[in-house]
Amino acid sequence: MNEAAEEVAPPEVHYYSDIGEVPWDIQNYWYQRHRIFSKYEEGIWLTDEAWFGVTPEPIANKIAEHIASSVPENKVVLIDAFAGAGGNSIAFAKSGRWKRVYAIEKDPAVLACAKHNAKIYGVQSKITWFEGDCFAILKKQLKDLGPYSVIFASPPWGVLYLPRTSDLKQLARLVDNGEKIHVKHYCMEGSSKALCAYYGDFKTSTWD
Ligand SMILES: C[S@@+](CC[C@H](N)C(=O)[O-])C[C@H]1O[C@@H](n2cnc3c(N)ncnc32)[C@H](O)[C@@H]1O
């Protein structure tokens, strides 16, 4: 038995193996569970709330690929400021582009999911976990990493990784006069699932 399989989940965390166990508002997500995490059957953990925010694996992989291929070489650290159940952190760690991935999550049960899920994907040793408020942690523990890091944020209220219905004019208001940013839709089976706004020095010519 592997290490992740032996772990005991906190009470807020579930692994649903049968539709009969799944709360009604999560059922649509549960039907897509293998697209959300291809290794779901290996015992992926999620809290009931985390289902709504987790980035599906193909999209997380694509975002990881886009960031890896477009950032300046001196950026060697990736900080996932709102790590959730680990969808993006795992993809960043798998990309192999980063010396280290730092993942911050304020909810201890959700953080337990992210750590457990990273073990299932075999990338736990590449990620340093922080439990707490990302704004405080970025200002204190991680403050010296600024010049070497890229910060990825998929907060619950949506700033960088955003709902597909986001208002582009609102995003544009966050850009200095004359500057340009890249805004990209990430789609699964022909429909947009998310939108990412890339603020900063990204070379986007290689993106597909
Ligand atoms: C949309 S989810 C992130 C999902 C994640 N990208 C994934 O794929 O699993 C947002 C997460 O941010 C966490 N969060 C909210 N405010 C936070 C804060 N100030 N510091 C750290 N985490 C925070 C929430 O608990 C939630 O788990």
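The coordinates are above.
Residues numbered from 1 in each chain as written. Predicted model: local features only at pLDDT ≥ 70, side-chain atom pairs only at ≥ 80, totals over all residues.

A closer look at the nonpolar core
Then step 1. The biggest cluster of nonpolar side chains holds 50 residues, and the ones touching the most others in it are L46, V101, C113 and A114.
Then step 2. Tallying contributions element by element places helix α6 (residues 108-120) first for this core, with seven residues.
Then step 3. Contacts of A114, omitting those with residues within four sequence positions, involve A83, G84, A85, G86, S89, A103 and E105. (Core = buried A, V, L, I, M, F, W, Y, C linked by C-beta atoms within 7 Å. Buried ≥ 20, exposed ≤ 12 C-beta atoms within 10 Å, placed from the backbone. Helix = DSSP H or I, 4+ residues; strand = E, 2+ residues; numbered from the N terminus. Contact = placed C-beta atoms within 7 Å.)

Describing the sheet that holds strand β3 (residues 77-80)
Then step 1. Strands sit in the order β5-β4-β3-β6 across an open sheet of four strands; the sheet is parallel. Both outer strands of the open sheet, β5 (127-131) and β6 (149-152), are each paired with one neighbouring strand and no more. Each neighbouring strand pair of the sheet contributes to a mean axis angle of 20 degrees, computed without reference to strand direction.
Then step 2. Here strand β4 (residues 100-105) pairs with β5 via five bridges, running parallel. Within β5, the residue paired with E105 across the bridge is E131.
Then step 3. α6 rests against β4 and β5 of the sheet, and its axis sits at about 170 degrees to β5. (Pairing = 2+ DSSP bridges. Axes fitted to C-alpha atoms, helices over the stretch in contact; angles between N-to-C directions.)

Quick word on the site of the ligand
Then step 1. Around the ligand, a shell composed of 20 residues is seen, among which G53, T55, F82, G84 and G87 lie nearest.
Then step 2. Breaking the shell around the ligand down by element, the ones donating at least two residues are α5 (87-95), β4 and α7 (134-139).
Then step 3. Split by residue class, the shell around the ligand holds nine nonpolar, seven polar and four charged. (Near = placed C-beta within 6 Å. Nonpolar A, V, L, I, M, F, W, Y, C, P; charged D, E, K, R; others polar.)

A closer look at α5
Then step 1. Along α5, eight of the nine residues are buried, which leaves the element largely enclosed by surrounding structure.
Then step 2. For α5, every residue scored as buried is listed here: G87, N88, S89, I90, A91, F92, A93 and S95.
Then step 3. Directly beyond the C-terminal end of α5, a positive phi value near 75 degrees is found at G96.

What to know about helix α4 (residues 57-70)
Then step 1. Here α4 is 14 residues long and its end C-alpha atoms lie 20 Å apart, about the 20 Å a rise of 1.5 Å per residue gives.
Then step 2. Buried residues of α4: E57, I59, A60, K62, I63, A64, H66 and I67, and no others.
Then step 3. Here the buried face of α4 lies against α2 (33-36), α5, β6, β8 (182-188) and β9 (191-198). (Expected span 1.5 Å × (residues − 1).)

Some points on the environment of G200
Then step 1. Following the sequence through the fold, G200 ends up in the segment after β9.
Then step 2. A tally of 13 C-beta atoms within 10 Å means that G200 is categorised as partly exposed.
Then step 3. When the C-alpha atoms of G200 and V175 are compared, they prove to be 9.8 Å apart, with 25 residues separating the residues in sequence.

Examining the packing of α4 against α5
Then step 1. Two elements in contact, α4 and α5, have axes separated by 8 Å at closest approach and are oriented at 50 degrees. By the angle between their directions, the pair α4 and α5 is classed as oblique. Crossing of α4 over α5 shows right-handed handedness. Across the interface between the two elements, E57, A60, N61, I63, A64, E65 and A68 of α4 pack against G87, N88, A91, F92 and S95 of α5.
Then step 2. Class assignment for the residues of the contact of α4 with α5 results in six nonpolar, four polar and two charged. (Parallel < 35°, antiparallel > 145°, perpendicular 65-115°, else oblique. Left-handed = near helix turned anticlockwise from the far one by under 90°.)

Thoughts on unusual backbone geometry
Then step 1. Despite not being glycine, E189 shows a phi value in the positive range, around 50 degrees.
Then step 2. In this fold, E189 is placed in the loop between β8 and β9.
Then step 3. Given 7 C-beta atoms within 10 Å, E189 falls into the exposed group.

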